[in-house]
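Descriptive analysis of the structure
Letter by letter, the chains look like this.
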Amino acid sequence: MIRSPDRPSPDAPLSAESGAVVLIVDDVPDNVAPLHDALDEAGYTVLVALDGEAAIRRARQALPDVVLLDAVMPGLDGFEVARQLKADASTAHIPILFMTGLTETEHLVAALEAGGVDYVTKPIKPREVMARMGVHLRQSRQSRQGAVERSQARNALDAFGYATITVRARDGRLMWQTPLARDLLQRYFGTEAPVTPAPVLEWLDRLLRLLPEFAVPPAPGQPLREPPRLTIDQGPRRLSFRLHQQIGDEDEAQGEPGDWLIVMQETSDAAVLEALAQAFGLTAREAEVLYWVVKGKINRDIGDILGSSPATVKKHLERIHAKLGVETRTAAAAMAINRVPLLQPRGG
């Protein structure tokens with residue numbers, strides 16, 4: 001990566017004197033010279049490209065802080081250059097200001113749709129260009145700093161083994177996941193990034209309608225209210241999803257919501273099953289059947305969960321009744337709850 005040797009730290013204020021790198025793209029050298037000289041005198045490090053192909057190569061090589069891009073050029077025009085820069089992860093963050101003599105609305109809209117954040121009209125006024133550049137350089141710096149902080153947070157989540165994902169609110173695309181989250185999503189839903197499981201999308205959709213209600217600050221002395229969680233059962237294991245927070249990204253600058261950070265947690269009732277088996281002398285499968293009886297499931301539902309027929313579940317239940325010395329499933333459930341504290345509701 002080419003940088004000015006005396007370039008200051010990225011944390012330094014971005015101003016004309018900070019040595020921010022500017023790439024000017026224009027096929028007419030006479031148009032470039034006055035702006036180049038003005039920016040150079042103001043303290044910017046200035047790079048020049050005279051055609052679209054050179055502009056893309058130089059941007060990928062030098063990673064400038066801002067690109068001043070001529071809209072109309074022979075060959076690869078400015079609109080296509082912008083689209084290619086925005087499609088490349090290494091250059092997508094660079095703000096692009098179009099320089100154009102086209103003032104019709106459709107041309108200006110095309111410039112913004114191609115990825116431009118602003119435009120200046122020709123003939124170019126260097127002071128106006130520098131004023132607009134200053135705004136976008138500061139915004140870009142803040143955005144990059146936020147991205148660094150989010151990356152550090154994600155690395156910490158990885159390191160501590162949290163199952164965490166981010167889902168883009170705009171289209172429901174799964175943008176990032178920790179290794180543990182990837183394994184859990186594959187095991188519970190059989191999906192892989194960038195696909196977000198349908199139950200998670202439906203849950204998010206419901207929450208988006210409820211969020212204003214939960215955004216209201218609680219009354220003094222009252223606990224914070226948390227949006228409802230999503231829970232997916234898989235036998236004695238369950239996977240819960242908790243909406244942690246909304247994190248900003250470039251979409252926020254365009255008035256669109258950012259990504260949702262979601263924390264996943266898997267819990268298991270393996271200890272409960274073991275306690276049931278030991279308390280009543282049950283087999284592993286009988287303990288599972290009794291577990292789901294306590295949860296209020298009927299034989300057909302238990303069969304679906306365990307991959308057995310309702311008739312098989314009924315036979316297991318008959319043996320359970322005999323071992324517990326009871327005659328009904330209600331009595332079996334009550335005895336199990338009284339004997340195994342892990343089955344009792346929290347706080348009860």
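Our subject is the structure listed above.
Presented here is a report on the structure given in the accompanying data block. Just so we're clear, the structure is a prediction, and the values are computed from it rather than from any experiment.

1. Description of the overall build of the chain
A count of helices and strands for the chain gives 12 helices and 10 strands. Across the 348 residues in the chain, those meeting the buried criterion constitute 42%. Accessible surface for the chain amounts to roughly 18,900 Å². Of this, 53% is attributable to carbon and sulfur atoms.

2. So, the sheet that holds strand S2 (residues 45–49)
Strand order in the open sheet formed by 5 strands is S2-S1-S3-S4-S5, with parallel pairing between adjacent strands. The sheet is open, and its two borders are formed by S2 and strand S5 (118–121), each paired with just one other strand. On average, each strand axis in the sheet is inclined to that of its neighbour by 20°, with strand direction left out of account. Here 5 bridges tie strand S1 (residues 21–25) to S2, and the two strands are oriented parallel to one another. Note that in S2 the partner of Val-22 across the bridge is Val-46. Against the sheet, helix H2 (residues 52–62) engages S1 and S2, with an angle of about 145° to S2.

3. Considerations on the pairing of strand S7 (residues 174–177)
Walk down a regular strand and you will see the side chains alternate between the two sheet faces. Both strand S6 (residues 163–168) and S7 contribute to a ladder of 3 bridges, which runs antiparallel. By the bridge assignment, Ile-165 is partnered in S7 with Gln-177.

4. Topic: the packing of helix H10 (residues 299–306) against helix H11 (residues 310–324)
Interaxial distance between H10 and H11 falls to 8 Å at its minimum, and their mutual angle equals 105°. Of the possible angle classes, the one that applies to H10 and H11 is roughly perpendicular. Along its contact with H10, which presents Asn-299, Arg-300, Ile-302 and Gly-303, the element H11 presents Pro-310, Val-313, Lys-314 and Leu-317. Residues belonging to the contact of H10 with H11 are distributed by class as follows: 4 nonpolar, 2 polar and 2 charged.

5. Quick notes on the environment of Ser-268
The residue Ser-268 is located in strand S10 (residues 259–268) in this model. You can call Ser-268 partly exposed: its relative accessible area is 33%. Separated by 31 residues in the primary sequence, Ser-268 and Arg-237 place their C-alpha atoms 4.3 Å from one another.

6. Notes on the nonpolar core
Counting 25 residues, the largest nonpolar core has Leu-276, Val-289, Leu-290, Leu-324 and Leu-343 as its most contacted members. Mapped by element, the contributors of at least two residues to this core are helix H8 (270–280), helix H9 (284–294), H10, H11 and helix H12 (329–339). Looking at this core element by element, the count peaks at 7 residues for H9. Ignoring anything within four residues of it in the chain, the contact list for Val-289 reads Ile-302, Leu-306, Val-313, His-316, Leu-317 and Ile-320. Residues Leu-85, Phe-98, Ala-111 and Ala-114 belong to the second largest nonpolar core, which totals 24 residues.

7. Structural notes on unusual backbone geometry
Glycine aside, residues mostly have negative phi, and peptide bonds are mostly found in the trans state. The omega angle of the peptide bond from Lys-122 to Pro-123 is 0°, so this bond is cis rather than trans. By the element assignment, Pro-123 lies in the loop between S5 and helix H5 (126–159). The linkage connecting Ala-193 with the following residue, Pro-194, adopts the cis geometry, with an omega of 10°. Here Pro-194 shows up in the loop between helix H6 (179–189) and helix H7 (198–215). One non-glycine residue, Leu-63, lies in the positive phi region at around 50°. As for its position among the elements, Leu-63 is in the loop between H2 and strand S3 (66–70).

8. Here we look at the side chain of Glu-288
Checked against the element boundaries, Glu-288 lands in helix H9. At a separation of 2.8 Å, a polar atom in the side chain of Glu-288 contacts the side chain of Arg-285.

9. Digging into the pattern of salt bridges
In a structure, side chains of opposite charge can pair up when their charged atoms sit close to one another. Per the stated rule, a full pass over the model turns up 11 salt bridges. Its salt-bridge partner being Arg-60, residue Asp-88 comes within 2.9 Å of it at the nearest N-O pair. Here the residue Asp-88 occupies a position in the loop between helix H3 (78–87) and strand S4 (96–100), and Arg-60 occupies one in helix H2, the gap between them amounting to 28 residues. What makes Arg-60 partly exposed here is its relative accessible area of 42%. Among the ionic pairs, Glu-288 bridges to Arg-285, the shortest N-O distance being 2.8 Å. With Glu-288 and Arg-285 both in helix H9 and 3 residues apart, the pair spans about one turn of that helix. Through salt bridges with shared partners, a single ionic network connects Asp-26, Asp-70 and Lys-122.

Cut-offs and rules
Position numbers for residues count from 1 along each chain, tracking the sequence in the order it is written. Reporting of local features is limited, given that this is a predicted model, to residues whose pLDDT is at least 70; pairs of side-chain atoms are given and counted only at 80 or more, and all residues count toward the totals for whole chains, interfaces and linings. Note: side-chain values were computed over all heavy atoms of the structure, leaving out hydrogens and water. Secondary structure elements follow DSSP: runs of H or I of four or more residues count as helices, runs of E of two or more count as strands, with numbering from the N terminus. Note on classification: 1.4 Å probe, protein chains only; a residue is buried when its accessible area is under 20% of the maximum for its type, exposed when over 50%, partly exposed between these limits. For accessible areas, the Shrake-Rupley method is used with a probe of radius 1.4 Å. Any residue's cover is judged against the shown protein chains and nothing else. For two strands to be treated as a pair, DSSP must find no fewer than two bridges joining them. As a rule, the C-alpha atoms of each element are fitted with a line to give its axis, helices using only the stretch in contact, and angles between N-to-C directions run from 0 to 180 degrees. Note on contacts: a residue pair is in contact if any heavy atoms of the two residues lie within 4.5 Å. In these notes the angle categories are as follows: under 35 degrees is roughly parallel, over 145 is roughly antiparallel, 65 to 115 is roughly perpendicular, and the rest is oblique. Polarity classes work like this: nonpolar for Ala, Val, Leu, Ile, Met, Phe, Trp, Tyr, Cys and Pro, charged for Asp, Glu, Lys and Arg, and polar for all others, with Gly in that last group. The set of buried Ala, Val, Leu, Ile, Met, Phe, Trp, Tyr and Cys residues whose side-chain atoms join them within 4.5 Å is what this entry labels a nonpolar core. Contacts described as polar in this section are N or O atom pairs within 3.5 Å, which, within protein, must combine one atom able to donate a hydrogen with one able to accept it, while residues neighboring in sequence count only if both atoms come from side chains. For this document, the term salt bridge refers to a Lys or Arg side-chain nitrogen within 4 Å of an Asp or Glu carboxyl oxygen.

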